[in-house]
Amino acid sequence: MSGSKKMMLRVQSAEGTVRIELLDTDVTARLYERVYESLNLNTFGFCLHKDRARKEEITSSKSRQLRTCGLQHGDMLYLSPVNGAVLFDQPSTSVQSNNKPFGEPVEAGPSSAPVSLPTTKSNTPAEDEVDLQLYRLSGNIQRQRDDKLCRHNSKGCCVHCSPLEPWDEGYLKEHNIKHLSFHSYLRKMTSGKFITLDELSCKIKPGCKEHPPWPRGICSTCQPGAVTLNRQPYRHVDNVLLEHAAPVDRFLAYWRATGHQRIGFLYGQYEQHPDVPLGIRARVAAIYEPPQECSRDSVRLADDDNEQLVEELARRLGLRRVGWLFTDLLPRDRTAATVQCLRGMDTHFLSAQECIMAGHYQNLHPNVCRHASSGTFGSKFVTVCVTGDSNNQIHLEGYQVSGQCQALVRDGILLPTRDAPDLGYIRDCTPQQYVPDVYYKEKDAYGNEVGVSAKRLPVAYLLVDVPCGVAPAASAPPLFSPSASFPPAHRPLQRHVQTMHALHQQLQEASSFLEAVSDFHVLLYLASNEALPLPMDQLAPLIDAVRTRDADAADAWRQSPHAATLLRLARAAHETAPAATSAPAPAGSEPGVWTCPLCTFHNAAPLDACEMCAMPRNAM
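As recorded by an unreviewed UniProt entry, the protein chain carries the name Nuclear protein localization protein 4 homolog and is attributed to Bicyclus anynana. As its UniProt record puts it under Sequence similarities (unreviewed entry), the protein chain is described as follows: "Belongs to the NPL4 family."

What follows concerns the pattern of salt bridges. Counted under the stated rule, the structure contains 28 salt bridges. We note a salt bridge from Asp131 to Lys380, for which the minimum N-O separation is 2.8 Å. Here Asp131 is found in helix 2 (residues 129–135), whereas its partner Lys380 is found in the loop between strand 18 (376–379) and strand 19 (382–388), with 249 residues between them in sequence. Classification of Asp131 as buried rests on a relative accessible area of 2%. The class for Lys380 is buried, based on a relative accessible area of 4%. Within this structure, Asp128, Asp131, Arg320 and Lys380 form a network of salt bridges that share partners.

The subject of this paragraph is the sheet that holds strand 23 (residues 438–443). Pairing is mixed in the open sheet, where three strands are placed in the order 7-23-24. Pairing within the sheet leaves two strands with one partner each, and these edge strands are strand 7 (227–229) and strand 24 (449–453). Within this sheet the neighbouring strands show an average axis-to-axis angle of 35 degrees, counted without direction. As defined by bridge partners, strand 7 adjoins strand 23 across three bridges and the pair is classed as parallel. Across the sheet, Leu229 pairs through a bridge with Tyr440, a residue of strand 23.

Attention now moves to helix 5 (residues 246–258). The α-helix winds at 3.6 residues per turn, so residues separated by three or four positions along the chain end up facing the same way. Here helix 5 is 13 residues long and its end C-alpha atoms lie 19 Å apart, about the 18 Å a rise of 1.5 Å per residue gives. A large share of helix 5 lies buried, amounting to ten of its 13 residues. By the burial criterion, the buried members of helix 5 are Ala246, Pro247, Val248, Arg250, Phe251, Leu252, Tyr254, Trp255, Ala257 and Thr258.

Pairing geometry for strand 23 and strand 24, over five bridges, is antiparallel. The partner of Glu442 across the bridge, within strand 24, is Val450. Between strand 23 and the antiparallel strand that follows it, strand 24, lie five residues; Gly447 among them carries a positive phi value of about 85 degrees.

Quick look at the sheet that holds strand 4 (residues 57–58) now. In spatial order, the strands read 2-1-5-3-4; together these five strands make up an open sheet with mixed pairing. The open sheet has two free edges, formed respectively by strand 2 (16–23) and strand 4, since each of these has just one partner strand. Sheet analysis places strand 3 (residues 46–49) next to strand 5 (residues 76–81), joined by four bridges and oriented antiparallel. Paired with His49 across the bridge in strand 5 is Tyr78. Here helix 1 (residues 28–38) sits on the sheet and contacts strand 1 (6–13), strand 2, strand 3, strand 4 and strand 5; the angle it forms with strand 2, its principal contact strand, is near 140 degrees.

Analysis parameters
- Residues numbered from 1 in each chain as written.
- Predicted model: local features only at pLDDT ≥ 70, side-chain atom pairs only at ≥ 80, totals over all residues.
- Heavy atoms only, no water.
- UniProt positions renumbered as here; feature names shortened; annotations may be inferred.
- Salt bridge = Lys/Arg side-chain N within 4 Å of Asp/Glu carboxyl O.
- Helix = DSSP H or I, 4+ residues; strand = E, 2+ residues; numbered from the N terminus.
- Buried < 20%, exposed > 50% of the residue type's maximum accessible area, 1.4 Å probe, protein only.
- Pairing = 2+ DSSP bridges.
- Axes fitted to C-alpha atoms, helices over the stretch in contact; angles between N-to-C directions.
- Expected span 1.5 Å × (residues − 1).
- Contact = heavy atoms within 4.5 Å.

Pasting the structure below:
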């Protein structure tokens, strides 16, 4: 075989012509990479042709060499985008022109997608560290030599012991892995070719000049296509792991005290999953409860004035918001500490309203992906429901909604139903908003898959299961102390309020100062208390000490003037706090009646919980 020879190829594009030097033994995939780098393109959504008429395409392959494509030194290649992909950066000072006929002004309505500049490399958010780590891995599943089937020595390899691809169906089924990991899905889709991931859009494409705007006109060019819902074969997060059970126990303390449901945000980080090929795991370290109005059957979130402070504190601790969780619990037997089983195959897993909420949060936290034309695709944000299982015990159920559900929620066409929680409703088409046809597939009486209109949509088509669990005791040490008892914020309950007295008790009960402040709620209270809030630059040494588990650095911060002043205020509040005594019965109260300590409603003696607010009788 003759040796490799250098060859110069010219590539003509809309921005000019470049010269690329390659070897004739290079594969065509290397040619595509060199074109991408030389022209500084935004995406790999392009193709190369040998002729100007674009009939002889050079496909990207990791096995086909340039010499086998008939290319010679000095040949001209022609570059063209695929599916209208934007390959080059456009200047941000360009003025949006009015493409509508009849001199009508450009208006952004709910039916049309907003006109936005293409995402450039300079302003695209950086990919997550766990994604960069997984991109560098081969992802192959290594297998040991089989003594019965393998006929070679220890250094050989055959079909019985060769590595498996990360999407191998037999391996996933054997290890009870229900969904592909997202990176395994990417490897499967990009095997031997380049891809561009596009998110579903249910809005009219703007700028069509052939007709008046909707509702007076629409054509096949600007009209969004019909949507057929499919079960998503992959998931962005393969497991939710809590560092210890204490955060969930503290979160459930509010429900145990009041019987009211609760919502919280999960703060942690993403890491590689050791048991799923190219998998990602969300490791949860803390639960933050935003301001909310709770009842037995509903929760209404309020504006959070400390949201920016919480995000900054989490960032300095190396954490981020990775999901949200909520309770759906009703007591079954208080003496046996059991709850009712409200969710399952016979009822629902997530209601339509909860799916819409999950889709909203996933849209707020998009996943940065290098293969997406818009720079983002899907989301790693998880949803966790705390409810009763078939054994009437409290357990955690994790979910994500599919990318199709995210698009339906983002474009405002998925609505909840009033009578059936397991069904969603697709909004009707109106003069203000165009809604495409939505279908899902089910089996008819003869066993054939047929398309069914999704006006009433089973939301099970939109769900992806995500297992939840608690890290074993032998795993890596947690970031925060499992024995912390400082009350979380925004709890309007006696013995659940953040005060200087509670801070002093936290410091006295802990074995060390580092153990006392190794709590997300304590650090947040130090930065947000009304007596002496500490700015982040003063808290920075303590935050670093908590993150690195440095007891000496924590003790050194305790001796600083601002810390000493705050601790003196906490000690003074503890000394002046009245002793906890049992309150006498109110004067004039009727015999056989007890007063709810939360809402002061007078209840009959046989009742164990308040008839007005469902507060347990002896909760406070």
